[in-house]
Amino acid sequence: MTKAHTAVDYDTQLAEKVQRLNVQLAPFHAPELEVFRSPETHYRMRAEFRVWHEGDDLYYIMFDPATKQKYRVDTFPAASRLINDLMPLLMEAIKPNDALRRKLFQVDFLSTLSGEILVSLLYHRQLDEEWEKAAQALKQRLNDEGFNLNLIGRARKQKKVLDRDYVLEKLNADGQTLIYQQIENSFTQPNGPVAEKMLEWAIDCTRDSQGDLLELYCGNGNFSLALAKNFRRVLATELAKPSVQSAQYNIAANNIDNVQIIRMSAEEFTQAINGEREFRRLKDQGVTLSDYQCNTIFVDPPRAGMDDETCKMVQGYDRILYISCNPETLAENLERLSQTHRISRCALFDQFPFTHHTEAGVWLERIE
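None of the values given here were measured: they were computed from a predicted structure.

Chemist: Requested: an account of the confidence of the model for the chain, with residues and values cited.
Modeler: Parts of the model with low pLDDT should not have their predicted coordinates read in detail. Within the chain, residue pLDDT values average 93, and 98% of them lie at 70 or more. Contacts for the low-pLDDT stretch residues 1–5, under 50 throughout, to residues beyond four places or in other chains number 2 contacts.

Written as structure tokens, this is what we have:
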């Protein structure tokens, strides 16, 4: 496939996504869609491959979604250059080493724009001292070749971490560089270049804001930290414990002093803010909800969107920034939100080029 042909294909698939999102937002009188393209290659910061054993040979495979047939993968243009550079060297080093290759069935890569990479080797056997010694030598060899690499071995009820189980990503947005701890097997934005565009768009929407920001589903603080400079204070909620721990790490790493993370689900927070339940964890962290003057709320819900009670709670804020990984549930939530708010800005972020998936953003303001 030629480069020109690839470009045509990319423009065609992006145009289809734009048209589909425009149709989904049309009932809500949305303004012109702001479209943020992805690089056409080397955009995925994560990749997972099964490992196929064939005699003395060993190679990566993937499965065709339509036919379920396996196919060999020596390079993967969608993945970052760092992943592509490491893939053959890693496999060539594992291939002749029985301690590393025996019952290896999967390799996961997590890379960064900042040059760090984490590799997880998954096995159908327990890992012993022989494996650990060989893995340390493998890690040293690859770092000697110029990689900034950490290594993890996984087996049933077993996790061996060689140094650390995370990478430190650096994202540039609106003239600032933000540091993010990204832990293995935790959610992170998969498309680094588009993630930076999403942060910049969110910062631009909320520029010159007054008061405080409430954020639901904050993850590792990806948006919380970027938006902190636009608000007096940020109160953010997240349920997953590893993500909360990463968020706390990231607050310290970026020397940000106006962000407070609390471990709660969106549903629990709705109960707390409505006075329906008291939560000891709020008292333990010294959080008094009435101290916050939040007139802006940021939500980045899972694919299922927001439940009806959370939607009602969100309507109580003057301004709503909504990032969605599923425009269908976004449209469902907008049926309620549009009763009280209008869409001032909307955007398409092509996080997943050459797939059906679309990431969308809407900026809503209360109807006067």
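Chemist: Could you give an account of the packing of helix α2 (residues 81–94) against helix α4 (residues 129–144), with specific residues and numbers?
Modeler: Where α2 contacts α4, the axes come no closer than 11 Å and their chain directions differ by 140°. What the angle tells us is that α2 and α4 run oblique. Here the hand of the crossing between α2 and α4 comes out right-handed. Residue-level contacts link Leu86, Leu89, Leu90, Ala93 and Ile94 of α2 to Leu138, Arg141 and Leu142 of α4.

Chemist: How would you sum up the pattern of salt bridges? Please name residues and give values.
Modeler: Taken as a whole, this structure holds 27 salt bridges when the rule is applied. The partner of Lys160 in a salt bridge is Glu132, and the shortest N-O contact between them spans 3.2 Å. In this pair, Lys160 sits in strand β8 (residues 158–162) while Glu132 sits in helix α4, placing the two residues 28 residues apart along the sequence. On the basis of relative accessible area, Lys160 is assigned to the partly exposed category, the value being 22%. A salt bridge links Arg281 to Glu268, with the nearest nitrogen and oxygen atoms 3.1 Å apart. Pair noted here: Arg281 is in helix α9 (residues 280–284) and Glu268 is in helix α8 (residues 266–273), with a separation of 13 residues, a long-range link. Assessed through its relative accessible area of 30%, Arg281 is described here as partly exposed.

Parameters and conventions
Residues numbered from 1 in each chain as written. Predicted model: local features only at pLDDT ≥ 70, side-chain atom pairs only at ≥ 80, totals over all residues. Heavy atoms only, no water. pLDDT = per-residue confidence, 0-100. Contact = heavy atoms within 4.5 Å. Axes fitted to C-alpha atoms, helices over the stretch in contact; angles between N-to-C directions. Helix = DSSP H or I, 4+ residues; strand = E, 2+ residues; numbered from the N terminus. Parallel < 35°, antiparallel > 145°, perpendicular 65-115°, else oblique. Left-handed = near helix turned anticlockwise from the far one by under 90°. Salt bridge = Lys/Arg side-chain N within 4 Å of Asp/Glu carboxyl O. Buried < 20%, exposed > 50% of the residue type's maximum accessible area, 1.4 Å probe, protein only.

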